[in-house]
Amino acid sequence: MRVPVGWLAEYVDVPAGTTVEDLDTAFVRLGLEVEEVHRPAEVTGPLVVGQVLGIEELTGFKKPIRYCQVDVGEGTPRGIVCGATNFAVDDTVVVALPGAVLPGGFAIAARTTYDHVSDGMICSARELGIGEDHAGILVLGTGGEGPEPGADAAPVVGLDDVVIELSVTPDRGYCLAMRGIAREMGTGLAVGWRDPGAATPPAWSGEPAWEVTVADADRCDRFSMVALEGLDPTAPSPWWMRRRLAQSGIRTISLAVDVTNYVMLELGQPMHAFDRDAVSGPIVVRRAREGERLTTLDGATRVLDADDLLITDDTGPIGLAAVMGGASTEIGRSTDGRATTAVLLEAAHWEATGVARTARRHRLPSEAARRFERGVDPEMTLAALARAAELLAEYGGARVVGAAVDVDTRAPRPAIGLDADRPARVAGVPYAPARVVELLGAVGCAVEGDGGRLSVTPPSWRPDLTDPADLVEEVVRLAGYDDVPSVLPTAPPGRGLTETQRRRRAVGRALAEAGYVEAPSYPFVGAPALDALGLADDDPRRSVLLVRNPLSEEEPGMRTTLLPGLLATLARNLARGQRDVALFEHGSVFPGGVREPAPLPGVDRRPDDETLAALLGAVPEQPWHVAVALTGAREPRGWWGPGRPAGWADAVQAARLVAAAAGVELFVRPGERAPWHPGRCAELVVDDRVVGHAGELHPRVCAALDLPARTSVTELDVDALPAAAVPVGPPISTFPPVFLDLAFVVPDDVTASHVESLVRGGAGELFESVRLFDVYSGPPVPAGARSLAYSLVLRAPDRTLTAADVAHVREGILAVVGMQGITLRSGDA
């Protein structure tokens, strides 16, 4: 909302000496954020009002040129050359005299042009820096009307008027009008103010102006209308009105339309003007029917929804209620050349949520819809009609015909009970009961009751005040948020991080130290993302919990796996030129299943135990997962070597890092699970329980997500990992180790990790460590098998090992692996 300070001063007795900075501070103190302060362009030197006395049309040039005699209050008119043609003799204009400097450093001087001396310049709005209109001269008045020639033009055109732009929150729609801003500023500055909507509408006589029926009173509880005729279609909007509309960011169109926009800015009541001669038959306010269409003022033909509320006549829809009018009854010149001289003015009160749905459905964020969806004052319909009729009569010669129509089905607004000490209890500030009553009265509330219990009836312009908490907020706001003390709570002594918190932090730190970049994503998912992963119809990960009011209709469910968000981030980085990417994310997932929907408790009282139990019962389990995705080079190439591409082994190693950070040991075995490639997927096992999977993505998944082939991922359930054992320091032996290398011929269906576990078991108590250092397949190793070579470290805590000890260990290992069909590789095999 743009607030011209000069306009505000007409309603508020701003104290002398109040600066723009003081007003800025007052707005912020009242809870209205100041986004920007627009100061007018700087014009120096003589800028005066002039009256055109004569016009000489110069010929022989490629464009129209006029030599004008202009009275600038000096007794003798000045001759000025001008190329605009939108003004006539006796019109009042703005003249920059020699010595003036216009915005942009444009200096004015007397000079010879088109064979005449131009002793100044007649200015347009753009040349003065007060608008974008450069099609013609700024005309302040016609037919001799307007300020006296020679008067200072700066205050007339608003060069001394600052505009303060406010950010109005959705609950304070009344501040989208000068009426509401004046009320707030009068309260904030503790000065008098005048309500522009307080005037009593005239008692128009005669029959009702039109026949009106409201078929949906729930969506329109007040509909008012007045008819006018005799409007001069050529009458221009007065300059002061055009200036204020421009300052408010609204372009001028015609007198009738400008008047409705001006009244909307002044009183907060959006209005619509219909061409009365184009309206056929009675007006009916109803919902749309199947198949109905409406061509709106923007020229678009819109297919209507059954939820849309319409203003209709005998021909069908003529307006999308509270959003935009129809083209068939537009004010202006019709296709047959007929100009509008008879007008129907409409002002109504519409249900806010219905307006919001319609505006979003049709993507029509109009100024009217913006106000109606935040709530307007239903008491202003007749006042707005009277104000608009007054302006049209004064500047367009229109007159009211018949009595006003006012269909009013509103019910009395209920009172709100409030304990007088509740604001003090909430804010920690001792507000006396009399002070609470005073501040609520300043809001506009009617307050009854004794000093303990109050009955508060909010004003009609505050639909957001529905609960005691709203009233408390108003008391604290008007008393001043600065009065609320800032007291830091005393932190109770604690034991630091929990085991779960330490584990989660250790996991994230380990992956970051290994070169992975954390990439958190939103915890929402849609069916297309699960389809791209190739999940089967009966996959449990497809059973998602739906959010009642999702941020996006495309992602209405809570994620059951971290992969969709992580892979989308990976694809986005690749699309932006990154080639070597390694990402990780850890966070909650939300397994679905059959659950009762959560109830919706009210805010008027604390939920009972049954409701709380139902709420907690609807909350799903939220296991903590970690996922890794990587592609490109894992080790960069350079002078040291060719580098190494990322692969499935890196994904498995990332899982081992996670397990090590969690203090548990991880085993790997072949597995199969979407979206991994069959045969290139590893199950991650801890204590015979599968806790995750790692490996390469299926080629179809890579193609669906625009990822490179052989992209590798890991997903692991961290909460499924058992608690880490208490760390025990390893025994330190002073005796030397013995190194033993063994190479085995292993069938292809036996994993290396399984062979390693057999070696550990067969080595006995002398075992210290084992490492796989070579893998070979090919002659002379038989087909269907491969050679796995392990390096063992053996050590005794109390003696130096002998050859017999090593031979005993060797025999034990061979006996264990031999039971699995694994043989020692000889020199020929």
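Described below are features of the structure shown in this document. Please read all numbers here as calculations on a predicted model, not as lab measurements. (Residues numbered from 1 in each chain as written. Predicted model: local features only at pLDDT ≥ 70, side-chain atom pairs only at ≥ 80, totals over all residues. Heavy atoms only, no water.)

This part takes up the side chain of Asp470. Here Asp470 lies in helix H13 (residues 468–479). In contact with Asp470, not counting residues within four places along its chain, are Asp464 and Leu465. (Helix = DSSP H or I, 4+ residues; strand = E, 2+ residues; numbered from the N terminus. Contact = heavy atoms within 4.5 Å.)

All right, on to the pattern of salt bridges then. Side chains bearing opposite charge may pair, as long as their charged atoms lie close to each other. If you walk through the whole model with that rule in mind, you get 58 salt bridges. Residue Glu57 is joined to Arg66 by a salt bridge in which the shortest nitrogen-to-oxygen separation is 3.1 Å. Residue classification places Arg66 among the buried positions, given a relative accessible area of 10%. Linked through salt bridges whose partners overlap, the residues forming this network are Asp216, Arg219, Arg287, Asp307, Asp308, Glu351, Arg357 and Arg361. (Salt bridge = Lys/Arg side-chain N within 4 Å of Asp/Glu carboxyl O. Buried < 20%, exposed > 50% of the residue type's maximum accessible area, 1.4 Å probe, protein only.)

We now examine the pairing of strand E39 (residues 738–747). The pairing of E39 with strand E41 (residues 785–794) spans ten bridges and is antiparallel. Bridge pairing in E41 links Pro747 to Ala785. The sheet contact formed by E39 and strand E42 (residues 823–824) spans two bridges and is antiparallel. Following the sheet pairing, Val745 is matched in E42 by Thr823. (Pairing = 2+ DSSP bridges.)

Residues of helix H8 (residues 352–361) that are buried: Gly354, Val355, Ala356, Thr358 and Ala359. Contacts made by the buried residues of H8 are with strand E21 (316–320), strand E23 (343–350) and helix H9 (367–372).

Our focus in this paragraph is the pairing of strand E15 (residues 220–229). Across the ten residues of E15, nine count as buried, placing the element largely inside the fold. As paired elements, E15 and E23 share eight bridges and run antiparallel to each other. Counterpart to Phe223 in the pairing with E23 is Ala348. Where E15 lies against strand E24 (residues 399–408), seven bridges are found, and the strand directions are antiparallel. Within E24, the position partnered with Glu229 by the bridge is Arg399.

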